[in-house]
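Here are the chains, one letter per residue:
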Amino acid sequence: MSSIMLKSLSKQYTNDKYTLDDISLEIKDKEFLVLLGPSGCGKSTLLRMIAGIEEITQGDVYIGDVCVNEVEPKDRGVAMVFQNYALYPHMTVFENMAYGLKIKKIKKAEREKRIKAAADILQIDPLLKRFPSQLSGGQKQRVAIGRAIVKEPKVFLMDEPLSNLDAKLRNEMRIEIKKLHERLDSTFIYVTHDQVEAVTLGDRIAIMAEGKFRQIGTPMEIIDCPVDMFVANFISSPPINYMDASLIQRDNQVYVEVDGVLLETNLPLEVMEQAPEIVAGIRPEHCFLTEDSEDALAMEVLFTEIIGTDVLVHLKYKTSSFIVKKSFTQTYAKGQKVNAGISANHVHVFDRQTQKNLRCRP
Amino acid sequence: MSLAKLKTGIHYAMLILLSVLMVFPFLWMFLISIKPKSEVYSGSLLPSTFHFENYIRVFTETKMLLYLWNSISVSLIVIVFQIFTAIFAAYVFATAQKRWVRYCFVLILATYMLPSAVTYIPSFILLSKANLLDTHIGYILSELISIFAVFFLRQSFAQVPKDVVHAAKLDGAGHLRLIFTVYIPYCKNAIASLVLITFIYSYNNYMWPSLLIKSEENMFVTIGLRRLFMSQAGYGMDFPLAMAACAISLAPMLILLAIASKRIIHSMANLYVNK
């Protein structure tokens, strides 16, 4: 059993501020959990506390049924992959991978067998005799993962393993890590600030901010129903558009009204009773540009940003900015007047005061 | 001429001037060492005839060979002890998180700021009580730990990436294994330079050994040279012989420098230049 349980875990570096504040979470056996959050939110600290290389201020960490607070890192059955690889620079790739096995007094034949197997999976067989300084970033990362694999840990901990790689390599390695998880049958905890990585890799995502979980759920749940404006913004790339809006009831249906444009929602009628002030959140991919000025908002093009086959059209609406993501079929000039439409049922409605999503309200 | 060129010109002029200032005494020493005794005060820099036999006389008429052996062998033993003790102390000071350990380090550094003369009398009394005056063992005991070495190694140990250490801990390495398989290999350049610096320091050490060592068979090069000057003072000094002995005493240093000049410069730059 390699489930992990965090019970009211806290970390305090200085007297007045909690880096982690009363965190509780259960990670199931063989689950792929992604800790997602902006830098400084405590996600790496949490990972390190599970690994045992960061002291716990309060609370308990359980791996399986055992409370590991007082267990040495090496005896926790975890392996960690670091952001900057942390390979031993004075050892060859082979020695790097053998180091931990040697300490565990695993027989030479068995050591070689495991390293060979890991090298096959990661395609680093030709590199075994090289030193880390002779490897590229992607190769180093493979070795770092290989060093974790050979230990056959119950739990893999990965601390932003792909953030030092270039975009293309990152995409490849992401897929490799996904495959690895399916193949190894271990529990993975993966720290990242990249929502694409989080969404593609995670069985579940835990979004953190300021030392607390904001939302824990499957990628689908989080995209579909972000609990608050922070989560909605963080999980969206390009950033979500926020607009001042109001709620209107017509024919037993709740609509969001933005400057005369009505957007359908599936909010229950009860929300109207409190008549909250709201902010509408619309993802750039749920907007479109149209000739038709009816049911659309008149905006002005600021600039366009081409990303592969798509284009982000940055617009100015009154005093705020607005982004529309569409396929790259035509160019837009600066200052050009366009009409932005919004697809129905794709609007997230947040309470202006609490910033909470009205739909996800308990 | 552009300002930049002028600047480089001035830099070079300064460097050349300083180099001449540094090199001249050595050159002078060498020139006197090959002069006949009668020409020492002749006023001309160059000798009229070359007398390289002065160098042979150093070995036949003085105990220079013994001094050299004493200096080099004792220095090597001192190096082994200083590096060994410094490695463990540096590991603690580089890795321990506790506040009182850091205070200890500051305290130890503070003793480094004391003029070394302050410690002569207590050290002398201690060694005399232990009956170790005028012995190599006494000297070695008093040089077992070098605060400079501790400080130097702590600085380079502190540069070992934390994550590499964490990785080793996760791999199951304890303190000793961390020191010997991570810290030492990672800092092997720093340790090599420390060996050199320690050797230079120990070989050149004069004041403390001169208080401690009295008998001729235990003398180091530094005291031996002084004795050479003193012993002949009454008869008109044999400057060429003394200068030849000085030149010979430099030989181990020069050989070291030739082998490791790059490393010495590199390590000094590493230690004192904030990158």
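Residues numbered from 1 in each chain as written. Chains lettered and ligands numbered in written order. Predicted model: local features only at pLDDT ≥ 70, side-chain atom pairs only at ≥ 80, totals over all residues. Heavy atoms only, no water.

The name an unreviewed UniProt entry gives chain B is Carbohydrate ABC transporter permease, with Brevibacillus fortis as the organism. For chain B, the Sequence similarities (unreviewed entry) comment in UniProt is given as "Belongs to the binding-protein-dependent transport system permease family." UniProt lists a comment for chain B under the heading Subcellular location (unreviewed entry), and it reads "Cell membrane". (UniProt positions renumbered as here; feature names shortened; annotations may be inferred.)

The name given to chain A in an unreviewed UniProt entry is Glycerol-3-phosphate ABC transporter ATP-binding protein, and the organism recorded there is Brevibacillus fortis.

Enquirer: Can you walk me through the interface of chain B and chain A in this structure?
Expert: With 15 residues of chain B at the contact, the number on the chain A side is 20 residues. When the buried surface of chain B facing chain A is broken down by residue, Asp163(B), Leu170(B) and Asp171(B) rank first, second and third, together holding 44% of it. Counting the contacts that link chain B with chain A gives 2 salt bridges. With its nearest N and O atoms 3.1 Å apart, the salt bridge here joins Asp171(B) to Lys151(A). Linking chain B with chain A are 9 residue pairs in polar contact (both at pLDDT 80 or more). Of all the elements in the fold, those that place two or more residues in the side of chain B that touches chain A are helix H8 (162–170) and helix H9 (175–186) of chain B. The element that contributes the greatest number of residues to the side of chain B that touches chain A is H8(B), accounting for 7 residues. (Contact = heavy atoms within 4.5 Å. Buried area = accessible area lost by both parts, 1.4 Å probe. Salt bridge = Lys/Arg side-chain N within 4 Å of Asp/Glu carboxyl O. Polar contact = N/O pair within 3.5 Å; in protein donor to acceptor, adjacent residues only side chain to side chain. Helix = DSSP H or I, 4+ residues; strand = E, 2+ residues; numbered from the N terminus.)

Enquirer: So what exactly am I meant to see when it comes to the UniProt feature "domain: ABC transporter" (unreviewed entry) in chain A here?
Expert: Using the residue numbers shown here, the UniProt feature "domain: ABC transporter" (unreviewed entry) corresponds to residues 4–235 of chain A. From the first C-alpha to the last, residues 4–235 of chain A spans 25 Å; its make-up is 37% helix and 25% strand.

Enquirer: Before we go on, may I ask you to explain the sheet that holds strand E20 (residues 347–351) of chain A in this structure?
Expert: All names here are of chain A. With antiparallel pairing, the 5 strands of this open sheet are ordered in space as E13-E12-E11-E14-E20. A single partner strand is all that each edge strand has here, and the edge strands are strand E13 (261–264) and E20. The average angle at which neighbouring strand axes cross in this sheet is 45°, direction not considered. Judged from the 4 bridges that link them, strand E12 (residues 253–258) and E13 form a sheet pairing that is antiparallel. Each residue of the ladder has a partner; that of Val256, found in E13, is Leu263. (Pairing = 2+ DSSP bridges. Axes fitted to C-alpha atoms, helices over the stretch in contact; angles between N-to-C directions.)

Enquirer: How do you make sense of the environment of Pro219(A) when you look at a structure like this?
Expert: All names here are of chain A. Tracing the sequence through the fold places Pro219 in helix H7 (residues 219–224). For the pair formed by Pro219 and Val143, sequence separation is 76 residues and the distance between their alpha carbons is 29 Å. If near-sequence neighbours (up to four positions away) are discounted, Pro219 is found in contact with Val199, Gly202, Asp203 and Ile205.

Enquirer: Before we go on, may I ask you to explain the UniProt feature "transmembrane region" (unreviewed entry) in chain B in this structure?
Expert: Residue and element names in this part refer to chain B. In the numbering used here, UniProt assigns the "transmembrane region" (unreviewed entry) feature to residues 12–34, 67–93, 100–125, 137–157, 178–201 and 239–260. The span residues 67–93 shows a helical share of 100% and a strand share of 0%, and its end C-alpha atoms are spaced 37 Å apart. Helix and strand shares over residues 100–125 are 88% and 0% respectively, and the end C-alpha atoms of the span are 31 Å apart.

Enquirer: How do you make sense of the domain arrangement of chain A when you look at a structure like this?
Expert: A common way to report how large an interface is uses the accessible area buried once the components associate. Residue and element names in this part refer to chain A. Assigned domains within chain A: domain 1 (4–233) and domain 2 (240–351). Taking only C-alpha atoms into account, the centre of domain 1 sits 38 Å from that of domain 2. Listed per partner, the contact involves 7 residues of domain 1 and 6 residues of domain 2. For the domain 1 and domain 2 pair, buried surface summed over both sides reaches about 610 Å², with 62% attributable to carbon and sulfur atoms. Summed over the three residues of domain 1 that lose the most area to domain 2, namely Met229, Ala232 and Asn233, the buried surface amounts to 67% of that side. Counting every contact that joins domain 1 to domain 2 gives 0 salt bridges. For the interface between domain 1 and domain 2, the tally reads 3 residue pairs in polar contact (both at pLDDT 80 or more). Elements with a contribution of two residues or more to the side of domain 1 that touches domain 2: H7 and helix H8 (229–234). Counting residues per element, the side of domain 1 that touches domain 2 draws most heavily on H8, at 3 residues. (Domains from an automatic or database assignment.)

Enquirer: For this particular structure, what's the right way to read the sheet that holds strand E19 (residues 337–342) of chain A?
Expert: Sheets are built from strands paired through backbone hydrogen bonds, the pairs being either parallel or antiparallel. Residue and element names in this part refer to chain A. An order of E15-E19-E16-E17-E18 is seen for the 5 strands of this open sheet, with the pairing classed as antiparallel. Every interior strand has two partners, whereas the edge strands, strand E15 (287–290) and strand E18 (320–327), have only one. When strand polarity is set aside, the average angle formed by the axes of neighbouring strands in this sheet is 45°. Pairing geometry for strand E16 (residues 297–307) and E19, over 4 bridges, is antiparallel. Directly across from Glu300, in E19, lies its bridge partner Lys337.

Enquirer: Any chance you could explain the pairing of strand E9 (residues 204–209) of chain A here in plain terms?
Expert: One face of the sheet, then the other: side chains in a regular strand alternate in exactly this way. Residue and element names in this part refer to chain A. The buried fraction of E9 is high, at 6 of 6 residues. Every second residue of E9 is oriented toward a common face, with Arg204, Ala206 and Met208 on one face and Ile205, Ile207 and Ala209 on the other, all of them buried. Alignment of E9 against strand E10 (residues 212–217), held across 5 bridges, turns out to be antiparallel. In the strand pairing of E10, Met208 is matched with Phe213. Hairpin connection, E9 to E10: the antiparallel pair is bridged by 2 residues, and Glu210 has positive phi, about 50°. (Buried < 20%, exposed > 50% of the residue type's maximum accessible area, 1.4 Å probe, protein only.)

Enquirer: Hey, could you run me through the environment of Ser10(A) in this one?
Expert: All names here are of chain A. Turning to its location among the elements, Ser10 is positioned in strand E1 (residues 4–12). Taking the C-alpha atoms as reference points, Ser10 and Lys212, separated by 202 residues in sequence, lie 9.7 Å from one another. Ignoring any residue separated from it by four or fewer positions in sequence, one finds Ser10 in contact with Tyr18, Leu20, Asp21, Asp22, Met49, Ile56, Thr57 and Gln58. Only 3.0 Å separates the side chain of Ser10 from the backbone nitrogen of Asp22, close enough to count as a polar contact.

Enquirer: Can you help me understand the confidence of the model for chain A in this one?
Expert: Low pLDDT means the predicted atomic positions in that stretch should not be read closely. Confidence along chain A averages 89 in pLDDT terms, with 99% of residues attaining 70 or more. Between the elements of chain A, mean pLDDT differs from a low of 78, seen in helix H9 (residues 271–274) of chain A, to a high of 95, seen in strand E3 (residues 32–36) of chain A. (pLDDT = per-residue confidence, 0-100.)

Enquirer: When you look at the side chain of Asp238(B) in this model, what are you seeing that I'm missing?
Expert: Turning to its location among the elements, Asp238(B) is positioned in the loop between helix H12 (221–231) and helix H13 (239–272). At 2.4 Å, the side chain of Asp238(B) forms a polar contact with the side chain of Arg57(B).

Enquirer: What am I meant to see in the environment of Ile223(A) here?
Expert: Residue and element names in this part refer to chain A. Inspection of the secondary structure assignment puts Ile223 in helix H7. Linking Ile223 and Ile103, residues 120 residues apart in sequence, is a C-alpha distance of 45 Å. Those residues in contact with Ile223 that lie beyond four places of it in its chain are Val199, Ile235, Arg283 and His348.

Enquirer: Please explain the pattern of salt bridges as it appears in this structure.
Expert: Side-chain pairing between opposite charges can occur once the charged atoms of the two side chains come close. All names here are of chain A. By the definition in use, this model includes 24 salt bridges over all chains. Across the pair Asp259 and Lys318 runs a salt bridge, and its minimum N-O distance is 2.6 Å. One end of the pair, Asp259, is in the loop between E12 and E13; the other, Lys318, is in the loop between strand E17 (310–317) and E18, and 59 residues separate them in sequence. Using a relative accessible area of 45% as the deciding quantity, one classes Asp259 as partly exposed. Residues participating in the shared-partner salt-bridge network are Glu110, Lys113, Arg114 and Glu152.

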